[in-house]
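Structural overview
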Amino acid sequence: MASSTSSPAPGSRSKKPLGKMADWFRQALSRKPTKMPASPESALSDVSQPSSLDSPPSLGPSSEVSPIPTPSPRGASGGSGSSSSGRWSKAYDVCVCHSEEDLVAAQELVSYLEGGAASLRCFLQLRDATPGGAIVSELCHALSSSHCRVLLITPGFLRDPWCRYQMLQALSEAPGAEGRTIPLMSGLSRAAYPAELRYMYFVDGRGPERGFRQVKDAVMR
């Protein structure tokens with residue numbers, strides 16, 4: 001009985017398991033490996049971020065909006081600054097016109113105006129004219145470079161044709177400017193007052209301090 005039962009050959013028993021194992025290896029090799037994130041940070045980086053078109057532009061240092069300065073009222077800077085800048089817009093405060101025979105009186109007037117706290121800047125022809133310059137050109141330049149003109153009107157002033165030219169030139173510089181031309185009459189009566197100046201008040205040289213203080217106050221105004 002025992003001898004009649006057939007048993008599988010040794011080669012046939014190991015053949016089937018080896019075939020299954022070979023199939024398993026082929027399937028394992030044919031599979032694509034699953035991509036695993038290396039770290040939580042790298043996994044988060046795989047998440048799609050919004051494009052630059054969807055996000056608002058960042059403001060750099062150069063694109064920061066600067067605040068608009070608030071304009072200050074006109075009176076905040078004070079009146080002294082504007083008056084000071086207006087004074088220095090011209091080279092002289094006063095141009096003194098006189099005759100040659102009244103040079104001493106003109107020098108005394110200039111010394112009075114330049115002294116004190118005001119320190120007015122005066123143009124005196126024989127002192128401040130450019131050596132070698134043309135007389136007429138120097139006079140016109142001095143008149144246009146001065147805020148005010150003082151006419152020292154005396155008998156010698158009325159006799160001198162050059163002084164008459166000075167007077168007319170001073171009037172033509174600022175015909176409509178009140179207080180810019182200041183006549184100082186000395187040694188003359190009211191009847192001798194020039195007709196060209198009849199619409200202007202004059203300073204009487206017979207007054208206190210020979211009218212010098214009144215001329216200075218007029219220039220300061």
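Now for a description of the structure that goes with this document. All values reported here derive from a predicted model rather than from experimental measurement.

This part takes up the pattern of salt bridges. If you walk through the whole model with that rule in mind, you get eight salt bridges. With a shortest N-O distance of 3.0 Å, Asp128 and Arg127 are connected by a salt bridge. Overlapping salt bridges, with partners in common, bring together Glu114, Arg127 and Asp128 in one network.

For the rest of this paragraph, the subject is the sheet that holds strand E2 (residues 122-124). Read from one edge of the open sheet, five strands run E2-E1-E3-E4-E5, paired in parallel fashion. Looking along the sheet, the strands with just one partner apiece sit at the ends: E2 and strand E5 (203-204). Contacting strand E1 (92-97), strand E3 (146-153) and strand E4 (181-185), helix H8 (residues 161-173) runs over the sheet at an angle of about 150 degrees to E3.

A separate point is helix H9 (residues 212-220). Among the residues making up H9, those that are buried are Phe212, Val215, Lys216, Ala218 and Val219. Each buried residue of H9 sits inside an arc of 160 degrees when the element is viewed along its axis, so together they form one side. The secondary structure elements touched by the buried residues of H9 are E1, helix H4 (103-114), E3, E4 and E5.

Per the counting criterion, the structure on display carries four aromatic pairs. A centroid spacing of 5.9 Å and a plane angle of 55 degrees characterise the contact between Tyr112 and Phe212, whose relative ring orientation is tilted. With Tyr112 in helix H4 and Phe212 in helix H9, the pair connects residues that are 100 residues apart, well separated along the chain. Measuring from ring centre to ring centre gives 5.5 Å for Trp162 and Tyr165, while their planes differ by 20 degrees; the resulting arrangement is stacked. Taken together, the residues Trp162 and Tyr165, both in helix H8 and three residues apart, mark about one turn of the helix. One residue, Lys216, lies across the ring of Tyr112, its end atom 5.6 Å from the ring centre.

Moving on: H4. Because an α-helix completes one turn every 3.6 residues, residues spaced three or four positions apart along the sequence face the same direction. Here H4 is 12 residues long and its end C-alpha atoms lie 16 Å apart, about the 16 Å a rise of 1.5 Å per residue gives. Of the positions making up H4, those classed as buried are Ala106, Leu109, Val110 and Leu113. Buried residues along H4 cover an arc of 100 degrees about the axis, so they all sit on one side. Facing away from the buried surface of H4 by more than 90 degrees, the exposed residues are Val104 and Ser111. Those residues of H4 that are buried are in contact with E1, E2, helix H5 (125-128), E3, E4 and H9.

Residues Leu184 and Val215 are the most contacted members of the largest nonpolar core, which totals 20 residues. Val215 has contacts with Leu113, Val150, Ile182, Leu184 and Val203, leaving out every residue within four places of it along the chain. In this structure, Leu188, Tyr193, Leu197 and Met200 belong to the second largest nonpolar core, which totals 19 residues.

The relative placement of two packed helices is expressed as an angle between their axes plus a distance between the axes. Contact geometry of H4 with H9 gives a least axis separation of 10 Å together with a crossing angle of 55 degrees. The orientation of H4 with respect to H9, classified from their angle, is oblique. Viewed along their axes, H4 and H9 form a crossing whose handedness is right-handed. Of H9, the residues touching H4 (which contributes Ala105, Glu108, Leu109, Tyr112 and Leu113) are Phe212, Arg213, Val215 and Lys216. Taken together, the residues that form the contact of H4 with H9 break down as six nonpolar, no polar and three charged.

The rules behind the values
Residues numbered from 1 in each chain as written. Predicted model: local features only at pLDDT ≥ 70, side-chain atom pairs only at ≥ 80, totals over all residues. Heavy atoms only, no water. Salt bridge = Lys/Arg side-chain N within 4 Å of Asp/Glu carboxyl O. Pairing = 2+ DSSP bridges. Helix = DSSP H or I, 4+ residues; strand = E, 2+ residues; numbered from the N terminus. Contact = heavy atoms within 4.5 Å. Axes fitted to C-alpha atoms, helices over the stretch in contact; angles between N-to-C directions. Buried < 20%, exposed > 50% of the residue type's maximum accessible area, 1.4 Å probe, protein only. Arc of directions from axis to C-beta. Phe/Tyr/Trp six-rings, centres within 6.5 Å; stacked < 30°, edge-to-face > 60°. Lys NZ or Arg CZ within 6 Å of the ring centre and 35° of its normal. Expected span 1.5 Å × (residues − 1). Core = buried A, V, L, I, M, F, W, Y, C linked by side-chain atoms within 4.5 Å. Parallel < 35°, antiparallel > 145°, perpendicular 65-115°, else oblique. Left-handed = near helix turned anticlockwise from the far one by under 90°. Nonpolar A, V, L, I, M, F, W, Y, C, P; charged D, E, K, R; others polar.

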